[in-house]
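# Geometric and topological summary
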Amino acid sequence: MVVTAHGVNNDKVFSLKIITIFTYLFIKFGGIMAKNQSWLVFAQQESCRHALALSQMGYLCWNPHNRKFELGDTVYLFMSSDRSIRFKTTVTAVGVPRTDQRYWLKPTSGKPICNLTLVEAYGGKELDEYKLMDHGFLGGKSIQQPKKLDGELLDYIEAQFTK
């Protein structure tokens, strides 16, 4: 800001405000055109009652296993029991304490987790492991860690949830 004998130079104040706003947006959103990611995670129903947690709480707690889940990211849950994607969720909190212990069948760590809020449940048959393989899914042990989705596989999954 420039102060002159006649007061504050308003052009400089306006420019400073614009620069501050753009700096804030860049820091907050990682750039003006930041895009959320889509992920596929493997939900082991022998370890946790994920479906029950989603139906009763509307969200579940998830350990991202060193992946960088961000607020607003979409996370699809591939369920171990029927080998298919059953839930679309969105990341609504990052680095928070676990609040879903009663749904876990095995001990959990005390590490900060992400909250995955239910967007939609899927009841069809088009997202099973074999149909996903037709669109680039590798299956098997490839999903034991969260997998970032893109391309044909992501397009196919999203199309099933919009039907």
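Just so it is clear, the structure is predicted and the values come from calculations on it, not from any experiment.

What follows deals with the overall build of the protein chain. Across its full length, the protein chain holds four helices and eight strands. Mapped in sequence order, the helices and strands of the protein chain form the string β-β-α-β-α-β-β-β-β-α-β-α. For the protein chain, contacts bridging at least 24 residues in sequence account for 67% of all contacts bridging at least 6. Of the accessible surface of the protein chain, which amounts to about 10,000 Å², a share of 57% is contributed by carbon and sulfur atoms.

By volume, the largest pocket is sized at about 380 Å³. As for the largest pocket, its lining consists of 20 residues, and the residues nearest its centre are Phe42, Gln44, Trp62, His65 and Trp104. Only strand E3 (38-43) and strand E4 (59-62) provide two or more residues apiece to the lining of the largest pocket. Taken together, the residues of the lining of the largest pocket break down into nine nonpolar, nine polar and two charged.

Counting 18 residues, the largest nonpolar core has Leu60, Trp62, Phe69, Val75, Leu77 and Leu116 as its most contacted members. Residue assignment for this core shows that the elements contributing at least two residues are E3, helix H2 (50-57), E4, strand E5 (74-79), strand E6 (84-96) and strand E7 (113-121). With residues up to four places along the chain from it excluded, the contact list for Trp62 reads Val41, Phe42, Ala43, His50, Phe69, Ile113, Cys114 and Leu116. The next biggest cluster of nonpolar side chains, apart from the first, holds 16 residues, and it includes Leu40, Leu127, Leu132 and Ile157.

Parameters at a glance
Residues numbered from 1 in each chain as written. Predicted model: local features only at pLDDT ≥ 70, side-chain atom pairs only at ≥ 80, totals over all residues. Heavy atoms only, no water. Helix = DSSP H or I, 4+ residues; strand = E, 2+ residues; numbered from the N terminus. Contact = heavy atoms within 4.5 Å. Areas by Shrake-Rupley, 256 points an atom, 1.4 Å probe, with all protein chains shown as cover. 1 Å grid on protein atoms, 1.4 Å probe; cavity = no way out; pocket = protein on both sides within 12 Å on 5 of 7 lines; lining within 4 Å. Points joined across faces, edges and corners; volume = space filled by probe spheres on them. Nonpolar A, V, L, I, M, F, W, Y, C, P; charged D, E, K, R; others polar. Core = buried A, V, L, I, M, F, W, Y, C linked by side-chain atoms within 4.5 Å. Buried < 20%, exposed > 50% of the residue type's maximum accessible area, 1.4 Å probe, protein only.

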